Amino acid sequence: MRAFLLITHRASADGDFTLEDMPGSGGRVDIVVRCITSALLLSHGVRRDTVIYVLFQRGRNSPLLLEVRGAEVRYLRPDERSAGALIRHALIRGGEGLTSPGIYVWRRNLEETLSRLSEMGEITLLAEDGEDVETVDFPENVVFVLSDHLNLTEEEEEIVRKYAKKAVSVGPLSLHSDHVIAIIHNVLDRRQYS
Ligand SMILES: C[S@@+](CC[C@H](N)C(=O)[O-])C[C@H]1O[C@@H](n2cnc3c(N)ncnc32)[C@H](O)[C@@H]1O
């Protein structure tokens, strides 16, 4: 199982954004959408072994954890507008649990999220100054933690490092979060399938 946890800083948990302006009205929810499609979509299909979690820390309904399971998700398409609509539907629905096939919301903060995810796999922080990914061995179940367009706050980093066994870098430059996810998949795919 591969999992990703995206920690967001400006995106609202309330789903009060327009599909025409996800970067502005959504507090960079466009990043969330791209990370979800990068984590789960193949050219013709879905990565059934992958789950992505997104932590929303702004808005009336925050903190809120969105979970999208590759093994169950339906109607997820590569275009940002339709994926944005699925996410907005999950956020505005309120409550906890299943919102549409494969998409769940939970009332959890960062500490609660990491505590549960650490039972599912080895928590690994993705950071520019981490160990080179090419030199790192990963267990079968791994949970990669990354930030959105902003760095983790000191408090967030302290919590993540309490759970993370290691910090891993995919290269010397600071990349967009969705690109980092694509690189991690590529590294693991080449080890698993070639
Ligand atoms: C756009 S970056 C965050 C902001 C960026 N650090 C800055 O200086 O503005 C998004 C996230 O992707 C991950 N990331 C970016 N580049 C990376 C790299 N080379 N290796 C590992 N993770 C990386 C980190 O988790 C980072 O917080």
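Scroll up for the structure.
This structure is a prediction, so every number in the text was calculated from the model and none was measured.

## Considering the site of the ligand
Argument step 1. Around the ligand, the structure places 17 residues, and the nearest of them are Leu 126, Glu 128, Asn 151, Leu 173 and Leu 175.
Argument step 2. Note that an oxygen atom of the ligand is positioned 2.7 Å from one of the backbone N or O atoms of Leu 126.
Argument step 3. Between the ligand and Asn 151, the relevant distance is 2.6 Å, taken from a nitrogen atom to a side-chain nitrogen or oxygen of the residue.
Argument step 4. Out of a free accessible area of 560 Å², the ligand has 82% covered by protein chains.
Argument step 5. Applying the majority rule of atoms within 2 Å of the grid points places the ligand in the largest pocket.
Argument step 6. Only strand 8 (122-132), strand 9 (142-147), strand 10 (166-169) and helix 5 (177-193) provide two or more residues apiece to the shell around the ligand.
Argument step 7. The element best represented in the shell around the ligand is strand 8, accounting for three residues.
Argument step 8. Of the residues in the shell around the ligand, the class split is eight nonpolar, seven polar and two charged.

## Some remarks on the packing of helix 3 (residues 110-120) against helix 4 (residues 154-163)
Argument step 1. Where helix 3 meets helix 4, the closest approach of the two axes is 10 Å, and the angle between their N-to-C directions is 15 degrees. Judged by the inter-axis angle, helix 3 sits roughly parallel to helix 4. The chirality of how helix 3 crosses helix 4 is right-handed. Each of Leu 110, Glu 111, Leu 114, Ser 115 and Ser 118 in helix 3 lies in contact with helix 4, whose residues at this interface are Glu 156, Ile 159, Val 160, Lys 162 and Tyr 163.
Argument step 2. By residue class, the composition of the contact of helix 3 with helix 4 is five nonpolar, two polar and three charged.

## Points about the pattern of salt bridges
Argument step 1. Evaluated as defined, the whole model comprises 14 salt bridges.
Argument step 2. Here Asp 189 and Arg 2 are joined by a salt bridge, their closest N and O atoms 2.8 Å apart. Taken as a pair, Asp 189 in helix 5 and Arg 2 in strand 1 (residues 2-7) lie far apart in primary sequence, 187 residues in all. Here the two residues Asp 189 and Arg 2 agree in accessibility, since each one is buried.
Argument step 3. Here Asp 14 and Arg 60 are joined by a salt bridge, their closest N and O atoms 3.8 Å apart.

## Description of helix 1 (residues 29-40)
The α-helix winds at 3.6 residues per turn, so residues separated by three or four positions along the chain end up facing the same way.
Argument step 1. Under the 1.5 Å per step criterion, the end-to-end length of helix 1 is 17 Å for twelve residues, consistent within 8% with the ideal 16 Å.
Argument step 2. Across the twelve residues that make up helix 1, a large majority, eleven, are buried.

## Let's talk about the packing of helix 1 against helix 2 (residues 80-92)
Argument step 1. Where helix 1 contacts helix 2, the two axes come as close as 9 Å, and the packing angle between them is 100 degrees. Judged on the interaxial angle alone, helix 2 and helix 1 are roughly perpendicular. Facing helix 1, whose interface residues are Asp 30, Val 32, Val 33, Arg 34, Ile 36 and Thr 37, helix 2 presents Glu 80, Ala 83, Gly 84 and Ile 87.
Argument step 2. A per-class count over the contact of helix 1 with helix 2 returns five nonpolar, two polar and three charged.

How each quantity is defined
- Residues numbered from 1 in each chain as written.
- Predicted model: local features only at pLDDT ≥ 70, side-chain atom pairs only at ≥ 80, totals over all residues.
- Heavy atoms only, no water.
- Near = heavy atom within 4 Å.
- Polar contact = N/O pair within 3.5 Å; in protein donor to acceptor, adjacent residues only side chain to side chain.
- Areas by Shrake-Rupley, 256 points an atom, 1.4 Å probe, with all protein chains shown as cover.
- 1 Å grid on protein atoms, 1.4 Å probe; cavity = no way out; pocket = protein on both sides within 12 Å on 5 of 7 lines; lining within 4 Å.
- Sits in = over half its atoms within 2 Å of the grid points.
- Helix = DSSP H or I, 4+ residues; strand = E, 2+ residues; numbered from the N terminus.
- Nonpolar A, V, L, I, M, F, W, Y, C, P; charged D, E, K, R; others polar.
- Axes fitted to C-alpha atoms, helices over the stretch in contact; angles between N-to-C directions.
- Parallel < 35°, antiparallel > 145°, perpendicular 65-115°, else oblique.
- Left-handed = near helix turned anticlockwise from the far one by under 90°.
- Contact = heavy atoms within 4.5 Å.
- Salt bridge = Lys/Arg side-chain N within 4 Å of Asp/Glu carboxyl O.
- Buried < 20%, exposed > 50% of the residue type's maximum accessible area, 1.4 Å probe, protein only.
- Expected span 1.5 Å × (residues − 1).

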